[in-house]
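Letter by letter, the chains look like this.
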Amino acid sequence: MHTTMRGRLARAVGRFVLTAALLAVAAAPAHAATTQATPRAATAEIPPGVSAGIAVYDRLTGSFTEQHNAHTPFRAASVVKVLIALDHLWNRGPAYSLPADDRARLDSMLRASNDDAARHYWSLNGGSSIIDRMSSRLGLVDTAGPPAGYPLHWGYTALSAADTVQTYRWILERAPATLRDIVMGNLRASTRCGTDGFDQRFGIPASFERPWAVKQGWSGFGPKSDCTNTTATTTASAAPSVTATPATGTKAAGRMADVDLSRPALHTTGTLGADDRSIVAVFTLHPQDTSFGAAYTATDRLVRSLNVPGATPRAGAWFGTWGSQVQVRAGTSTTSTPLTKLPAGVEVLVGCQKQGQQVTVPPYTNDWWAYLPLYDGYVTNIYMSSPDNKLPGVPLC
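First, a word on what this report is: a plain description of the structure on this page. (Residues numbered from 1 in each chain as written. Predicted model: local features only at pLDDT ≥ 70, side-chain atom pairs only at ≥ 80, totals over all residues. Heavy atoms only, no water.)

Brief notes about the layout of surface pockets
Here the second largest pocket defines a volume of roughly 400 Å³. Forming the boundary of the second largest pocket are 19 residues, of which Asp115, Trp154, Gly155, Trp218 and Ser219 lie nearest the centre. Put simply, the parts of the chain that give the lining of the second largest pocket at least two residues each are α4 (115–124) and β6 (212–219). A breakdown of the residues in the lining of the second largest pocket according to their chemical character gives seven nonpolar, seven polar and five charged. (1 Å grid on protein atoms, 1.4 Å probe; cavity = no way out; pocket = protein on both sides within 12 Å on 5 of 7 lines; lining within 4 Å. Points joined across faces, edges and corners; volume = space filled by probe spheres on them. Helix = DSSP H or I, 4+ residues; strand = E, 2+ residues; numbered from the N terminus. Nonpolar A, V, L, I, M, F, W, Y, C, P; charged D, E, K, R; others polar.)

Shown next as structure tokens:
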């Protein structure tokens with residue numbers, strides 16, 4: 001089965017995919033996920049080459065367990081959709097009711113990060129004035145609309161980890177119950193895939209068991225990807241032809257001056273634990289030309305290092321992968337229903353393994369399959385960066 005040759009080449013390819021894209025975040029032999037049952041000291045581990053803004057707030061104790069560059073503004077990417085949604089719902093009355101098509105659009109924006117929906121609301125409701133209104137309403141101090149010259153780029157809104165925590169605190173602790181239920185209900189129903197085909201299950205949902213509610217953000221990885229298996233509504237009405245007014249105030253100019261608009265960005269935000277005990281906001285920027293899979297891996301590693309009270313870390317072992325278009329299937333054969341595709345070169349959590357159909361990808365042959373609990377499906381071990389056909393330290397299914 002070419003086990004020795006396969007092991008050497010798999011490790012080499014795995015290292016190349018991740019190292020070339022993200023400095024020292026390389027494909028490595030498997031290592032078990034660390035499981036912590038009790039809160040611990042702040043220990044954020046930021047991968048080399050990554051810039052991060054981090055805030056973890058424990059609502060039970062009213063204190064932060066993690067803060068790193070918490071007030072540094074990052075370009076918000078799709079995280080700003082929470083503010084766009086709050087603004088659209090703000091003056092709807094105690095029922096916060098919307099016409100059916102508008103409610104479907106709002107749900108899709110929050111659950112599946114629908115960009116068409118965000119463009120619609122951004123133009124309909126005045127562009128950067130949305131950010132000015134919400135900053136005033138929620139008491140945000142680091143937030144500003146896109147810079148002059150980019151009035152329609154809602155994703156260029158400046159947002160910090162601290163202001164993101166403040167936003168979630170307002171939703172959970174001060175918002176009318178109906179409004180809170182609409183927003184948080186959608187974030188709890190976040191789909192695996194965004195409408196642009198990017199896998200949304202990085203960071204918080206990759207690292208911790210439910211209950212969680214998340215709004216993710218990504219930018220700089222291309223216009224679309226190939227994640228499948230989403231039930232999100234993808235239809236949105238065309239945005240009306242309204243020109244948004246760019247932010248021109250001193251606050252906006254000052255906040256946007258140092259915001260990086262070019263490096264690949266990957267953000268994970270939301271709540272974790274019973275009664276939304278912890279609020280987590282992690283904003284990351286990665287070296288130029290970093291692949292989505294490498295950024296996904298680096299962000300997951302950072303989030304797994306955080307002290308998040310009330311959250312349960314996922315159990316299992318993490319392995320690097322190699323190859324692209326790698327299918328996750330419902331069973332251990334190539335005829336089993338395809339569920340989705342892995343981001344190229346991503347590190348994955350393996351819960352157990354079992355023998356199934358023998359698969360050949362020259363020069364390798366392998367009949368072992370890894371069960372990936374995050375996807376509730378199987379991948380042939382051929383694509384695991386491990387020296388042997390059978391993954392070390394992984395139990396049988």
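Observations regarding the packing of helix α3 (residues 100–112) against α4
Running from N to C, α3 and α4 point in directions that differ by 115°, and their axes come no closer than 8 Å. Judged by the sense of rotation from one axis to the other, the crossing of α3 with α4 is left-handed. Side by side, α3 and α4 meet where Asp102, Arg105, Leu106 and Met109 of the first sit next to Ala117, Ala118, His120 and Tyr121 of the second. Looking at the contact of α3 with α4 residue by residue, the class counts come to five nonpolar, one polar and two charged. (Axes fitted to C-alpha atoms, helices over the stretch in contact; angles between N-to-C directions. Left-handed = near helix turned anticlockwise from the far one by under 90°. Contact = heavy atoms within 4.5 Å.)

Notes on the pattern of salt bridges
Within the structure shown, the criterion is met by 14 salt bridges. Ionic pairing is found between Arg103 and Asp107, a salt bridge with its closest N-O pair at 2.8 Å. A residue pair is termed a helical-turn pair when its members lie 3 or 4 positions apart in one helix, as Arg103 and Asp107 do in helix α3 at four residues. The residue Arg169 makes a salt bridge to Glu173 at a minimum N-O spacing of 3.2 Å. Of this pair, Arg169 and Glu173 both sit in helix α6 (residues 161–173), four residues apart, which is roughly one turn of the helix. Taking relative accessible area as the criterion, Glu173 reaches 37% and is therefore assigned partly exposed. Linked by salt bridges that have partners in common, Arg59, Arg169 and Glu173 make up one network. (Salt bridge = Lys/Arg side-chain N within 4 Å of Asp/Glu carboxyl O. Buried < 20%, exposed > 50% of the residue type's maximum accessible area, 1.4 Å probe, protein only.)

Some details on the packing of aromatic side chains
Where two aromatic rings form a pair, the distance of their centres and the angle of their planes describe that pair. Applying the stated criterion across every chain yields a total of 14 aromatic pairs. Following the ring pairs from residue to residue traces out a cluster consisting of Phe198, Phe202, Trp218, Phe221, Phe292 and Tyr296. The ring of Trp212 carries the charged tip of Arg210 above its face, separated from the ring centre by 3.9 Å. One Lys or Arg, Arg304, reaches over the ring of Trp318 and ends 3.9 Å from the middle of that ring. (Phe/Tyr/Trp six-rings, centres within 6.5 Å; stacked < 30°, edge-to-face > 60°. Lys NZ or Arg CZ within 6 Å of the ring centre and 35° of its normal.)

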